[in-house]
Amino acid sequence: MTTNMGKIDRILRLAVAVALFFYAFAGGIAAMGALHWVAAAAATVFAITALVGNCPAYSIFGIKTCRTG
């Protein structure tokens with residue numbers, strides 16, 4: 001699995017993941033059911049792809065935001 005995400009892309013994804021986790025668990029929608037789980041799932045996907053540095057959707061579409069050396 002090759003890295004296809006740049007540093008800024010990874011930082012932004014982690015920031016979105018933190019915001020979604022906060023929204024899902026502390027933002028008052030915890031009792032709303034499905035929206036809570038959708039936000040939590042999206043946050044998990046964003047966090048994992050940011051930490052790994054590889055986005056499967058980028059691979060499918062041939063996008064690469066990291067510098068090639």
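Everything numeric in this text was worked out from a predicted model, so none of it was measured.

To continue, consider the environment of Ala40. Within the secondary structure, Ala40 sits in helix α2 (residues 34-52). Sequence separation of Ala40 and Phe25 is 15 residues, and the distance between their C-alpha atoms is 8.0 Å. Once you skip the residues sitting within four places of it in the chain, Ala40 turns out to touch Phe21, Ala24 and Phe25.

Tallying each qualifying case throughout the model produces one aromatic pair. Arranged with centres 6.1 Å apart and planes meeting at 20 degrees, the rings of Phe21 and Phe25 form a pair that is stacked. Pair noted here: Phe21 and Phe25 are both in helix α1 (residues 7-25), with a separation of four residues, about one helical turn. Here Phe21 falls in the partly exposed class, since its relative accessible area comes to 31%. Exposure remark for Phe25: the relative accessible area of 48% places this residue in the partly exposed category. Directly above the ring of Tyr58 sits Arg13, whose terminal nitrogen or CZ lies 5.2 Å from the centroid.

Turning to α2, a few remarks are in order. The first and last C-alpha atoms of α2 sit 27 Å apart over 19 residues, in line with the 27 Å expected at 1.5 Å per residue. For α2, the complete set of buried residues consists of His36, Ala39, Ala40, Ala43, Ala47, Thr49 and Ala50.

This brings us to α1. In an α-helix, one turn spans 3.6 residues; hence positions three or four apart end up facing the same way. In a regular helix each residue adds 1.5 Å, so 19 residues correspond to 27 Å; α1 covers 27 Å between its end C-alpha atoms and thus fits that length. Of the residues making up α1, those classed as buried are Asp9, Arg13, Ala17 and Ala24. Angular distribution of buried residues about the axis of α1 spans 75 degrees; they occupy a single face of the element. α1 presents Lys7, Ile8, Leu12, Val18 and Phe22 as exposed residues on the side facing more than 90 degrees away from its buried surface.

Rules used throughout
- Residues numbered from 1 in each chain as written.
- Predicted model: local features only at pLDDT ≥ 70, side-chain atom pairs only at ≥ 80, totals over all residues.
- Heavy atoms only, no water.
- Helix = DSSP H or I, 4+ residues; strand = E, 2+ residues; numbered from the N terminus.
- Contact = heavy atoms within 4.5 Å.
- Phe/Tyr/Trp six-rings, centres within 6.5 Å; stacked < 30°, edge-to-face > 60°.
- Buried < 20%, exposed > 50% of the residue type's maximum accessible area, 1.4 Å probe, protein only.
- Lys NZ or Arg CZ within 6 Å of the ring centre and 35° of its normal.
- Expected span 1.5 Å × (residues − 1).
- Arc of directions from axis to C-beta.

Purely geometric numbers; function is a separate question.
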